[in-house]
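Now for the letters of each chain:
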Amino acid sequence: MNTQANPIEIETDGEGQLDAGFLFASFKNTGATNAIVNGVILSPGEAKGYPFVGKVYQAISYDTLESTLRIQQIL
């Protein structure tokens, strides 16, 4: 078992999902149009976080539509 957290940072202009099992995640819309994270609109410049809560998260989907998302997750 790995005892060290694994931070992953990406920037994307597509759609996808964070697989179930992450401990922390944050999304920031760095583009010029709305994006969707977990079924909720994320406006340009807006950020959304999923903080550590003592257990792992289920999968979270995202769609940048025509925007860009900066995503950080910790496994």
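Provided above is the structure to which this section pertains.
A brief look at the structure comes next. The residue count restarts for each chain, going from 1 along the sequence in the order it is written. In keeping with the predicted nature of the model, local features appear solely for residues at pLDDT of at least 70, side-chain atom pairs appear and are counted solely at 80 or more, and the whole-chain, interface and lining totals rest on all residues. Excluding hydrogens and water, the side-chain figures rest on all heavy atoms present in the structure.

1. A look at the packing of aromatic side chains
Centre-to-centre distance and the angle between the planes together describe a pair of aromatic rings. Working definition: a ring pair exists when centres of Phe, Tyr or Trp rings (six-membered ring for Trp) sit within 6.5 Å. Plane angles under 30 degrees give stacked, over 60 give edge-to-face, the rest tilted. According to the stated counting rule, one finds 4 aromatic pairs in the structure shown. Considering the side-chain rings of F22 and Y57, the 5.0 Å spacing of their centres and the 10° angle between planes classify their relative orientation as stacked. Separated by 35 residues along the polypeptide, F22 in the loop between β2 (15–18) and β3 (24–29) and Y57 in the loop between β6 (47–50) and β7 (60–63) bring together distant segments of the chain. For the pair F22 and Y57, a shared accessibility class is recorded, and that class is buried. Per the convention used, a helix needs a DSSP run of H or I reaching at least four residues, while a strand needs a run of E reaching at least two, with both numbered from the N terminus. A 1.4 Å probe rolled over the protein chains alone gives each residue an accessible area, and that area as a share of the maximum for its type sets the label: buried under 20%, exposed over 50%, partly exposed in between.

2. Topic: the sheet that holds strand β8 (residues 69–74)
The strand order across the open sheet formed by 4 strands is β1-β8-β3-β6, and the pairing between neighbours is antiparallel. Across the chains shown, the open sheet's two edge strands, defined by having one partner strand only, are β1 (7–12) and β6. Across the sheet, the mean angle separating the axes of adjacent strands is 10° when strand polarity is ignored. Paired strands, as defined in this entry, are two strands with at least two bridges between them according to DSSP. Where β3 meets β6, 4 bridges bridge the pair, whose relative direction is antiparallel. Each bridged residue has a counterpart across the sheet, and for S26 the counterpart in β6 is G49. Helix axes are fitted only over the stretch in contact, all axes being lines through C-alpha atoms; the angle between N-to-C directions runs from 0 to 180 degrees.

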